[in-house]
Amino acid sequence: EIGEHESFMHAEMLEQPRAAERVLRGRLDERFGTSHLGGLNLDARELRAIRRVKILGCGSAYYVGQMGASMIEELARIPADAEAASEFRYRDPVIEPDTLYVAVSQSGETIDTLLAVQEIRRKGGRVVGLVNVVGSAIARECDGGIYLHAGPEVAVASTKALTTMFLAFSLLALQLGRVRDLSIADGKRLIAGLQQLPEQIQSVLDRDDELAKVAERLAASDSLFFIGRVRGFPVAREGAQKFKEITYRHAEAYQTSELKHGPLALISEDVPTVALVPDDELVERNVAALHEIAARRGPLVVVTHEGVDLGDLSAAPGTHRIDVPRNEREIDPILLTIPLQVLAYHAAKHLGLDADKPRNLAKSVTVE
Ligand code: BG6
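Note that the coordinates shown come from a computational prediction; the quantities given were computed from them, not determined experimentally. (Residues numbered from 1 in each chain as written. Predicted model: local features only at pLDDT ≥ 70, side-chain atom pairs only at ≥ 80, totals over all residues. Heavy atoms only, no water.)

With that settled, consider the overall build of the chain. For the chain, the count of helices and strands is 13 helices and 12 strands. Scaling as 2.2 N^0.38, a compact globule of 368 residues should have a C-alpha radius of gyration of about 21 Å, and the chain matches this with 20 Å. Dimensions of the chain along its principal axes, counting C-alpha atoms only, are 55 × 45 × 45 Å. Burial analysis of the chain (368 residues in total) assigns 57% to the buried set. Across the chain, every contact between residues at least 6 apart in sequence was considered, and the portion connecting residues at least 24 apart equals 74%. For the chain, the separation between the mean place of its 43 positive charges and that of its 54 negative charges on side chains is 4 Å. (Helix = DSSP H or I, 4+ residues; strand = E, 2+ residues; numbered from the N terminus. Rg over C-alpha atoms; globule rule 2.2 N^0.38 Å. Buried < 20%, exposed > 50% of the residue type's maximum accessible area, 1.4 Å probe, protein only. Contact = heavy atoms within 4.5 Å. Lys, Arg positive; Asp, Glu negative; His and termini not counted. Charge placed at Lys NZ, Arg CZ, Asp CG, Glu CD.)

What follows is the structure in structure tokens.
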């Protein structure tokens, strides 16, 4: 609801802690370190028989699908990947009986995702939906699914729906993991992390003034990079997508590891980089890449964790650091995503643009 808010996107962004609580409610099994997902319509034997997971969605739903794929691989050790639903159907895809197909959609009406679901089912595959709108076309066509309970989302740029999609993937990954080799201790560790999340999201949202100042600086550039690797790369893609769709600035996501294979040629004092640097096994390599950017006078916004040592970059005038709260490493991507929404929102506002209605875009694309 827009209420006293300046826009739907603002209201929906601020609603994320509550939306996170709703998607988790009644679905966490603390005793056995697993999740309850009645709507999936898959029993433990069927879950164990899954050999591969293929995730399909468009736009933000596709990027969060990439986050979900990496969580499923990590926790359940099942090969998983995400593909743009808009491409999938056009290459006469091979549909396998022991693959679990997952369709992700806020509206449940996106035509490309719906046609992908129909193609899979026509060829005998099994599809579950991660869908927000109850009774929507995709929800009806799937064999089962997880409703997101994000509440109505009006702004074109997805915020709370995306967060609930990520959490629905966590619940799915937890269950797929626990029917396989994921230990009960690991299951409980993740559940404790998920329970902390609403409060941690709130603490990032509370830093609105600080993020608004950084956004103002970013809004001054015509072109930006968003970089991350492994778990951080889909976050960079989502961050670049949000920024470009509501500010009309050129924002491009790259794997940090690929910088030296191309984009470094474009770095200058006029091209800022927003870098995702979680405190994980890649932190030192990521920080080394930031030095490459700083050496070419590229301004940096570093989204990272408290305690990560940026060395002499911290003192550089062009560097701004945003520390997000630490959760379990598998859950961290969603906390890294939140400040990127806030940055895009404030950049658009600063430029006098209506974040709710970006030019040329529709909330859901229901015709081919
Ligand atoms: C796009 C919207 O057209 O559809 C994106 O502009 C959205 O914001 C995408 O992520 C997918 O929509 P849905 O409803 O299938 O999640």
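On we go from here.
Bringing helix 2 (residues 16-24) into the picture now. Those residues of helix 2 that sit buried are Gln16, Pro17, Ala19, Ala20, Val23 and Leu24. The arc that holds every buried residue of helix 2, seen down its axis, measures 160 degrees, which confines them to one face. Lining the buried residues of helix 2 we find helix 1 (8-14), strand 1 (28-29), strand 7 (144-147), helix 8 (160-178), helix 9 (184-205) and helix 13 (332-350). Within two residues after helix 2, glycine 26 carries a phi angle of roughly 75 degrees, on the positive side. (Arc of directions from axis to C-beta.)

The next subject is the environment of glutamate 141. Inspection of the secondary structure assignment puts glutamate 141 in helix 7 (residues 137-141). If we ignore the near neighbours within four places in the chain, the residues touching glutamate 141 are Leu114, Val117, Gln118 and Arg121.

Moving on to the state of the cysteines. As enumerated under the stated definition, the model contains 0 disulfides in all. Left unpaired, cysteine 142 is separated from the closest cysteine sulfur, that of cysteine 58, by 13 Å. Exposure remark for cysteine 142: the relative accessible area of 10% places this residue in the buried category. (Disulfide = S-S within 2.5 Å.)

With that settled, the discussion passes to the layout of surface pockets. Roughly 460 Å³ of internal volume is contained in the largest pocket. Cys58, Gly59, Ser60, Ala362 and Lys363 are, among the 23 residues lining the largest pocket, the residues nearest its centre. For the lining of the largest pocket, the secondary structure elements donating two or more residues are helix 4 (60-76), strand 5 (99-105), helix 6 (111-122) and helix 11 (232-247). Class assignment of the residues belonging to the lining of the largest pocket gives a composition of 9 nonpolar, 11 polar and 3 charged. (1 Å grid on protein atoms, 1.4 Å probe; cavity = no way out; pocket = protein on both sides within 12 Å on 5 of 7 lines; lining within 4 Å. Points joined across faces, edges and corners; volume = space filled by probe spheres on them. Nonpolar A, V, L, I, M, F, W, Y, C, P; charged D, E, K, R; others polar.)

Tracing the sequence through the fold places glutamine 66 in helix 4. On the basis of relative accessible area, glutamine 66 is assigned to the buried category, the value being 18%. Once you skip the residues sitting within four places of it in the chain, glutamine 66 turns out to touch Ala82, Pro234 and Arg237.

Right, let's get into the environment of glutamate 269. Along the polypeptide, glutamate 269 turns up in the loop between strand 9 (250-255) and strand 10 (273-277). Remark: the alpha-carbon pair of glutamate 269 and alanine 294, spanning 25 residues in sequence, is separated by 9.0 Å. Sequence-distant contacts of glutamate 269, that is, excluding residues within four places in its chain, are made with Arg296, Arg297 and Pro299. Within the structure, glutamate 269 has its side chain in polar contact with the side chain of arginine 297 (distance 2.8 Å). (Polar contact = N/O pair within 3.5 Å; in protein donor to acceptor, adjacent residues only side chain to side chain.)

Moving on, we come to the site of the ligand. Taken together, Cys58, Ser60, Ala61, Ser105, Gln106, Ser107, Thr110, Val156, Ala362, Lys363 and Val365 are the residues near the ligand. Residue serine 107 places a side-chain N or O atom 2.6 Å away from an oxygen atom belonging to the ligand. Valine 156 is positioned such that a nitrogen or oxygen atom in its backbone is 2.9 Å from an oxygen atom of the ligand. Summarising the interface, the protein chains cover 91% of the accessible area of the ligand, which totals 390 Å² for the free molecule. Because more than half of its atoms lie within 2 Å of the grid, the ligand is assigned to the largest pocket. (Near = heavy atom within 4 Å. Areas by Shrake-Rupley, 256 points an atom, 1.4 Å probe, with all protein chains shown as cover. Sits in = over half its atoms within 2 Å of the grid points.)

Further remarks concern the packing of aromatic side chains. For the coordinates displayed, the defined rule picks out 3 aromatic pairs. Relative to phenylalanine 243, the ring of phenylalanine 226 lies with its centre 5.9 Å away and its plane at 50 degrees, an arrangement referred to as tilted. You can see phenylalanine 226 sitting in strand 8 (residues 223-228) and its partner phenylalanine 243 sitting in helix 11, a full 17 residues away along the chain. With relative accessibility at 1%, the residue phenylalanine 226 sits in the buried group. A relative accessible area of 1% places phenylalanine 243 in the buried class. The ring centre of tyrosine 248 lies 3.8 Å from the NZ or CZ of arginine 359, which sits over that ring. (Phe/Tyr/Trp six-rings, centres within 6.5 Å; stacked < 30°, edge-to-face > 60°. Lys NZ or Arg CZ within 6 Å of the ring centre and 35° of its normal.)

Turning next to the sheet that holds strand 12 (residues 319-324). Across the sheet, which stays open at both edges, the 5 strands sit in the order 9-8-10-11-12 with parallel pairing between neighbours. The open sheet terminates on both sides in strands that have one partner only, identified here as strand 9 and strand 12. Averaged over all neighbouring strand pairs, the angle between strand axes comes to 20 degrees, with direction disregarded. Examined bridge by bridge, strand 11 (residues 300-305) and strand 12 share 6 bridges and lie parallel to one another. From the neighbouring strand, valine 301 faces strand 12, where its bridge partner is histidine 320. Packing against the sheet, helix 10 (residues 208-219) makes contact with strand 8, strand 10, strand 11 and strand 12, and its axis sits at approximately 140 degrees to strand 12. (Pairing = 2+ DSSP bridges. Axes fitted to C-alpha atoms, helices over the stretch in contact; angles between N-to-C directions.)

Glancing now at helix 9. An ideal rise of 1.5 Å per residue puts 32 Å on 22 residues; helix 9 measures up with 32 Å between its terminal C-alpha atoms. At leucine 197, helix 9 is bent by approximately 40 degrees, the largest bend along its length, and proline proline 198 sits one to four residues beyond. Taken residue by residue, helix 9 has Gly187, Leu190, Ile191, Gly193, Leu194, Leu197, Pro198, Gln200, Ile201, Val204 and Leu205 as its buried positions. (Expected span 1.5 Å × (residues − 1). Bend = angle between axes of the 7 residues up to and from the residue.)

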